[in-house]
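Residue-level listing of the chains:
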Amino acid sequence: MTISLSAISQQLRSQLRQQIRHARQQLSPQQQHHAAQQLSLRLQTLDRIQHSQHIAVYIANDGEIDPQPFIEWLWQQGKSVYLPVLHPFTKGHLLFLHYDTDTPMITNRYGISEPKLDVRRVKPIAQLDVICTPLVAFDGLGQRLGMGGGYYDRTLSQWHQHRRGPYPIGIGHDCQYIAQLPNQHWDVPLPLIITPNYQFTES
Ligand SMILES: Nc1ncnc2c1ncn2[C@@H]1O[C@H](COP(=O)(O)OP(=O)(O)OP(=O)(O)O)[C@@H](O)[C@H]1O
Ligand SMILES: [Mg+2]
């Protein structure tokens, strides 16, 4: 029997996802709160953020680091905030909708809170300045492992191929770092990854 390298890589990716998701789910509410505050402070100091107007984030789920304090700061700065919404027709793709304090929200099929679809609120991806991407794991080369849907890899494929479109910033907890990820050709490496105590920058 032969086992392909690709099958081994897939298995390793799925084990890593399980382990690291478990680690972040174990963080206490106090640790989560502190991490979210630290992350927000770090993001606020970035020139890239200070010079951007249209910034996409996400609503935390599954122990992900919570962008909420950062969102509050963005609103205070008069910046526009966007959230991902599962595309209603094109499987595996995301739309980004404007998000403010009175945006009607629904729960999507993954149990994640997202803005109720309203075409007037859709922002074309090319018009976003920055997308803060969630991640399950990252490594010291900027490689990113997500939840396994390929949503952000698709969203960032223009960035990957042509350095066009919104600048991606990966955000996560310190415990989501691993030395080297088994990546696949479609995975989009990130130029910048920020955690409360770590910063990876593409050289
Ligand atoms: N640009 C793309 N075009 C078409 N399919 C893609 C693209 N990027 C990824 N995929 C597909 O998506 C699937 C999941 O990819 P992967 O395991 O890398 O997800 P992920 O990066 O963990 O998820 P996410 O981006 O949603 O956080 C793979 O089967 C892959 O073939
Ligand atoms: Mg991927």
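Please read these numbers as outputs of a predicted model, since none were measured by experiment. Sequence positions are assigned chain by chain, starting from 1 and proceeding in written order. Written order determines the labels here, with chains lettered from A and ligands numbered from 1. In view of the model being predicted, local features appear only for residues whose pLDDT reaches at least 70, and side-chain atom pairs are presented and counted only at 80 or more, with totals across whole chains, interfaces and linings using the full set of residues. Just so you know, side-chain values use all the structure's heavy atoms and leave hydrogens and water out.

Draft legend 1. How the structure looks around the coordination of the magnesium ion (ligand 2). Looking at the magnesium ion (ligand 2), one finds its protein donor set to be Asp153 (OD) and Asp187 (OD), positioned 2.0 Å from the metal centre. Of the two residues, Asp153 is situated in helix α5 (residues 151–155) and Asp187 in the loop between β9 (167–171) and β10 (192–195); the sequence distance between them amounts to 34 residues. When its relative accessible area of 12% is taken as the criterion, Asp153 is described as buried. Excluding water, the donors of a metal are its N, O and S neighbours within 2.8 Å, or within 3.2 Å for Na, K and Ca, and that exclusion means sites may look incomplete. Helix and strand labels come from DSSP, where a helix needs a run of H or I of at least four residues and a strand needs a run of E of at least two; each type is numbered from the N terminus. Remark: exposure states derive from per-residue accessible area (1.4 Å probe, protein chains only) relative to the maximum for the residue type, with buried under 20%, exposed over 50%, and partly exposed in between.

Draft legend 2. Focus on the packing of aromatic side chains. Classification of ring pairs rests on two measures: the distance between centres of Phe, Tyr or Trp rings, Trp counted by its six-membered ring, which must be within 6.5 Å, and the angle between planes, read as stacked under 30 degrees, edge-to-face over 60 and tilted in between. This model, assessed by the stated rule, comprises seven aromatic pairs. For the pair Tyr177 and Tyr198, a centre-to-centre distance of 5.5 Å together with 45 degrees between the ring planes defines the contact as tilted. Taken together, the residues Tyr177 in the loop between β9 and β10 and Tyr198 in strand β11 (residues 198–201) connect sequence positions 21 residues apart. Its relative accessible area of 38% is what places Tyr177 among the partly exposed residues. Look at Tyr198 and you get partly exposed, because its relative accessible area is 26%. Ring-pair connections join several aromatic residues into one group, and the members of that group are Phe138, Tyr177 and Tyr198. Lysine and arginine charges are scored as sitting over a ring when NZ or CZ, respectively, is within 6 Å of the ring centre and within 35 degrees of the ring normal. If you follow Arg48 out to its NZ or CZ, it ends over the ring of Tyr167, 3.7 Å from the centre.

Draft legend 3. View of the site of ligand 1. Around ligand 1 lies a shell of 14 residues, among which Arg17, Arg144, Tyr151, Trp186 and Asp187 are the nearest. With respect to ligand 1, the side chain of Arg154 contributes an N or O atom lying 3.4 Å from an oxygen atom. Pairs of N or O atoms within 3.5 Å make up the polar contacts considered here, provided that, within protein, one atom can donate a hydrogen while the other can accept it, and that residues adjacent in sequence are counted only when both atoms are side-chain atoms. For ligand 1, an oxygen atom lies 2.7 Å from a polar atom in the side chain of Trp186. Burial of ligand 1 by the protein amounts to 73% of the accessible area it has alone, namely 640 Å². Of all the elements in the fold, those that place two or more residues in the shell around ligand 1 are α1 (5–25) and α5. With four residues, α5 is the largest single contributor of residues to the shell around ligand 1. Here the residues of the shell around ligand 1 are counted per class, giving four nonpolar, four polar and six charged. Here a residue is considered near a molecule or strand provided that any single heavy atom belonging to it is located within 4 Å of it. For accessible areas, the Shrake-Rupley method is used with a probe of radius 1.4 Å. Any residue's cover is judged against the shown protein chains and nothing else. For this classification, Asp, Glu, Lys and Arg are treated as charged, while Ala, Val, Leu, Ile, Met, Phe, Trp, Tyr, Cys and Pro are nonpolar and the rest, including Gly, are polar.

Draft legend 4. Main features of the UniProt feature "binding site: substrate" (unreviewed entry) in the protein chain. UniProt positions are given in the numbering used here, feature names are shortened, and annotations may be inferred rather than shown by experiment. Here, UniProt's "binding site: substrate" (unreviewed entry) annotation points to Ile59 and Glu64. Position of Ile59 among the secondary structure elements: in the loop between β1 (54–56) and α4 (68–76). Take Ile59: its relative accessible area is 22%, and that puts it in the partly exposed class. The contacts of Ile59, once residues within four sequence positions are left out, are Glu64, Leu83, Tyr99, Met105, Ile112 and Ser113. Relative accessible area serves as the criterion here: at 11%, Glu64 is assigned to the buried category. Working rule for contacts: check all heavy atoms of both residues, and any pair within 4.5 Å makes them a contact.

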